[in-house]
Amino acid sequence: MTAPVSSPSGRPVLTLAGVARTFGGVRAVDGVTFDVRAGAIHGLIGPNGAGKTTALNLISGLMRPTSGTISFNDTRIDRLPAYRIAAMGVRRTYQNIRLFPQMSARENLIVGMHTITHAPLWQRLIYTRSAHREESMARDRSAALLERVGLGRRIDQQARNLSYGEQRRLEIARALASDPRLILLDEPTAGMNPAEGDEIAALIRSIAAEGRTVLLVEHNMALVMSVCERITVLDFGRVIAEGAPAEIAADAAVITAYLGSEE
């Protein structure tokens with residue numbers, strides 16, 4: 001459906017260097033440094049309150065770091081507004097679903113294409129040839145994406161009438177609608193049953209197979225260990241471990257962070 005996104009394999013596409021974010025006296029993110037390689041599925045995990053969603057908010061421009069730098073494709077983005085970062089090819093989903101509930105599934109996706117549709121309002125009002133081509137592209141693309149995430153038969157349903165799992169999939173489809181190079185997924189399987197989680201795992205693998213880069217925040221450790229090539233672990237806003245899934249699973253600091261010490 002979509003041509004592979006060309007990115008030099010193995011080079012860092014996203015770099016966080018000494019990134020911190022303070023709220024009052026609380027350091028939600030504290031000197032975080034890690035790279036995400038182009039075309040990889042990179043996990044960002046940690047206990048509740050570890051700073052994972054704050055990190056995604058900083059990367060996507062919803063917040064600015066107190067200190068440190070964030071670079072995307074060698075361009076510093078930590079002082080750019082969210083719309084500029086989105087236009088560069090970074091898209092995300094949210095821990096709490098943020099759809100337009102009264103819009104149809106198709107309309108939610110078309111809204112997500114605003115960075116790849118360029119016909120000005122006057123052309124849309126008089127329905128010029130270029131506006132017509134753009135609208136046809138958006139309708140075809142939205143239909144194909146909805147089919148891909150298993151919502152082809154729900155294309156005209158209002159988002160509020162979709163099940164919780166369907167809304168999660170619609171958010172992923174909307175993030176893909178603008179043809180991003182980096183997609184940030186914030187707990188995409190939260191509230192799903194194991195079968196639905198398996199479907200999302202397959203979808204994530206297919207996204208990476210297109211050459212896109214995925215940064216995944218997720219509490220479903222079975223999914224993280226099965227799809228991620230590398231994992232960064234946060235605890236109290238700091239990086240406590242980084243490595244391949246097998247290394248993370250055996251790391252004493254990670255085990256302590258999730259299960260607690262005997263003390």
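Preceding this section is the structure that the text describes.
Anyway, here's the lowdown on the structure attached to this text. (Residues numbered from 1 in each chain as written. Predicted model: local features only at pLDDT ≥ 70, side-chain atom pairs only at ≥ 80, totals over all residues. Heavy atoms only, no water.)

### Here's the deal with the overall build of the protein
Okay, so step 1: A tally of helices and strands in the protein yields 10 helices and 10 strands.
Okay, so step 2: Considering the protein as a whole, with its 263 residues, one finds that 49% of them fall into the buried category. (Helix = DSSP H or I, 4+ residues; strand = E, 2+ residues; numbered from the N terminus. Buried < 20%, exposed > 50% of the residue type's maximum accessible area, 1.4 Å probe, protein only.)

### What to know about the sheet that holds strand 3 (residues 41-45)
Okay, so step 1: Read across the sheet, 6 strands follow the order 6-7-8-3-9-10 without closing on themselves; strand pairing throughout is mixed. Every other strand in the sheet has two partners, leaving strand 6 (90-92) and strand 10 (238-243) as the edge strands with one partner each. In this sheet, neighbouring strand axes are inclined to one another by 20° on average, regardless of whether the strands run parallel or antiparallel.
Okay, so step 2: Relative to strand 9 (residues 230-235), strand 3 runs parallel, the two sharing 4 bridges. (Pairing = 2+ DSSP bridges. Axes fitted to C-alpha atoms, helices over the stretch in contact; angles between N-to-C directions.)

### Thoughts on the sheet that holds strand 1 (residues 12-23)
Okay, so step 1: Spatially, the 4 strands line up as an open sheet ordered 2-1-4-5, and their pairing is antiparallel. Each edge of the sheet is formed by a strand with only one pairing partner; in this case those strands are strand 2 (26-37) and strand 5 (75-76).
Okay, so step 2: In the sheet, strand 1 pairs with strand 2 via 8 bridges, with the strands oriented antiparallel. Paired with T22 across the strands is R27, a residue of strand 2.
Okay, so step 3: Along the sheet face, helix 1 (residues 52-60) touches strand 1, strand 2 and strand 4 (67-72) and points at about 115° away from the line of strand 1. (Contact = heavy atoms within 4.5 Å.)

### With respect to the packing of helix 6 (residues 164-176) against helix 7 (residues 194-209)
Two packed helices can be described by the angle between their axes and the distance between those axes.
Okay, so step 1: Interaxial distance between helix 6 and helix 7 falls to 11 Å at its minimum, and their mutual angle equals 5°. As judged from the angle between their axes, helix 6 and helix 7 are roughly parallel. Of the residues in helix 7, those in contact with G165, R169, I172 and L176 of helix 6 are E196, E199, I200, L203 and I207. (Parallel < 35°, antiparallel > 145°, perpendicular 65-115°, else oblique.)

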